[in-house]
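# Structural description and commentary
Listed below are the residues making up each chain.
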Amino acid sequence: EIAMTQSPATLSVSPGERVTLSCRASQSISNNLAWYQHKPGQPPRLLIHGASTRVIGMPARFSGSGSGTEFTLTISSLQSEDLGFYYCQQYNIWPGTFGQGTKVEIK
Amino acid sequence: EVQLVESGGDLVQPGGSLRLSCAASGFTFSTCWMGWVRQAPGKGLEWVANIKQDGSDKNYVDSVKGRFTISRDNANNALYLQMNSLRADDTAVYYCARALWNNGWFVHFWGQGTLVTVSS
């Protein structure tokens, strides 16, 4: 099973700041990586797949990059509605394992 | 509008059984891989199982193999998860998931979730 490690565990950021979330795979997963946003009281929603393909309708301030074992989700200018947990998931090998998540808090 | 509505979550004793259901609408259910993803309290997300469009192929995470069975009814746009021999570590919110395959499965759309609690 591929282990996914996300860092940091928690991020406290002011609105308008740039946010960078990291995700590392225990072995190469090519670009078979998805990012999800999970807001309180709502189900998760898909943000990005293929490491960098943003889902239609997701704000352009969200972007993904990376391949192999190192991946990054960037929020170019944090908005208050972006608070919540962010999870990465590898889907190179079944079962597609998730990271433990990064909690984004608004300062 | 895509909708996935789960039901069937409950409090059940260890060793007991439960059947979860998911009612799908707003898309062509029979053309989609579907699955279940769970989240234990304070823990991360975990794929439980998925099923091919016609039900001919199923995948399970090792921890539920032999205990859980995923199935679907395309005529009624419904997905199911039969859970037997439940254990305390099966306690979680179970999400119905519309999956996409592109070298592997990720979740394109999530239901609201249903809570399963396994406790005596």
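Attention here is on the structure that accompanies the text. (Residues numbered from 1 in each chain as written. Chains lettered and ligands numbered in written order. Predicted model: local features only at pLDDT ≥ 70, side-chain atom pairs only at ≥ 80, totals over all residues. Heavy atoms only, no water.)

## Examining the overall build of chain A
Each helix and strand counted, chain A has 0 helices and 10 strands in total. Rg of the C-alpha trace for chain A: 13 Å, near the compact-globule value of 13 Å for 107 residues, within the 12% margin. Seen through its principal axes, chain A has C-alpha atoms that stretch 35 × 25 × 25 Å. With 107 residues in all, chain A has 50% of them scored as buried. Put simply, of all contacts in chain A between residues at least 6 apart along the chain, 57% involve residues at least 24 apart. (Helix = DSSP H or I, 4+ residues; strand = E, 2+ residues; numbered from the N terminus. Rg over C-alpha atoms; globule rule 2.2 N^0.38 Å. Buried < 20%, exposed > 50% of the residue type's maximum accessible area, 1.4 Å probe, protein only. Contact = heavy atoms within 4.5 Å.)

## Description of the pattern of salt bridges
Side chains bearing opposite charge may pair, as long as their charged atoms lie close to each other. Residues and elements named next belong to chain B. Enumeration according to the criterion identifies 9 salt bridges over all chains in this entry. The salt bridge partner of Arg38 is Glu46, with a shortest N-O separation of 2.7 Å. A residue is classified by how much of its surface remains accessible, and Arg38, at 7% relative accessible area, is buried. By relative accessible area, which is 28% here, Glu46 ends up partly exposed. A salt bridge links Arg87 to Asp89; the nearest nitrogen and oxygen atoms lie 3.2 Å apart. A relative accessible area of 36% means that Arg87 is categorised as partly exposed. Classification of Asp89 as partly exposed rests on a relative accessible area of 48%. Beyond isolated ion pairs, a larger network of salt bridges with shared partners links Arg38, Glu46, Arg67 and Asp90. (Salt bridge = Lys/Arg side-chain N within 4 Å of Asp/Glu carboxyl O.)

## Points about the pairing of strand 9 (residues 92-101) of chain B
Residue and element names in this part refer to chain B. Along strand 9, 7 of the 10 residues are buried, which leaves the element largely enclosed by surrounding structure. Here strand 4 (residues 33-39) runs beside strand 9; their pairing, made up of 7 bridges, is antiparallel. Residue pairing in the sheet places Trp36 in a bridge with Cys96 of strand 9. As paired strands, strand 9 and strand 11 (residues 114-118) are joined by 3 bridges and run antiparallel to one another. (Pairing = 2+ DSSP bridges.)

## Some details on the pairing of strand 5 (residues 45-51) of chain B
All names here are of chain B. Among the 7 residues in strand 5, 6 count as buried, and that is most of the element. Pairing analysis gives 6 bridges linking strand 4 to strand 5, with the strands arranged antiparallel. In the sheet register, Trp36 faces strand 5, and the bridge partner there is Ala49. Hairpin connection, strand 4 to strand 5: the antiparallel pair is bridged by 5 residues, and Gly42 has positive phi, about 70 degrees. Where strand 5 meets strand 6 (residues 58-60), 3 bridges bridge the pair, whose relative direction is antiparallel.

## Details of the interface of chain A and chain B
The interface of chain A with chain B comprises 19 residues on the first partner and 24 residues on the second. Taken together, the two surfaces of chain A and chain B that pack against each other cover about 1,700 Å², and 64% of this comes from carbon and sulfur. When the area that chain A buries against chain B is broken down by residue, the three leading residues are Tyr91, Trp94 and Phe98 of chain A, summing to 38%. At the junction of chain A and chain B, the tally comes to 5 residue pairs in polar contact (both at pLDDT 80 or more). Mapped by element, the contributors of at least two residues to the side of chain A that touches chain B are strand 4 (33-38), strand 5 (45-49) and strand 9 (84-90) of chain A. Residues belonging to the side of chain A that touches chain B are distributed by class as follows: 10 nonpolar, 8 polar and 1 charged. (Buried area = accessible area lost by both parts, 1.4 Å probe. Polar contact = N/O pair within 3.5 Å; in protein donor to acceptor, adjacent residues only side chain to side chain. Nonpolar A, V, L, I, M, F, W, Y, C, P; charged D, E, K, R; others polar.)

What is shown is where atoms sit, not what they do.
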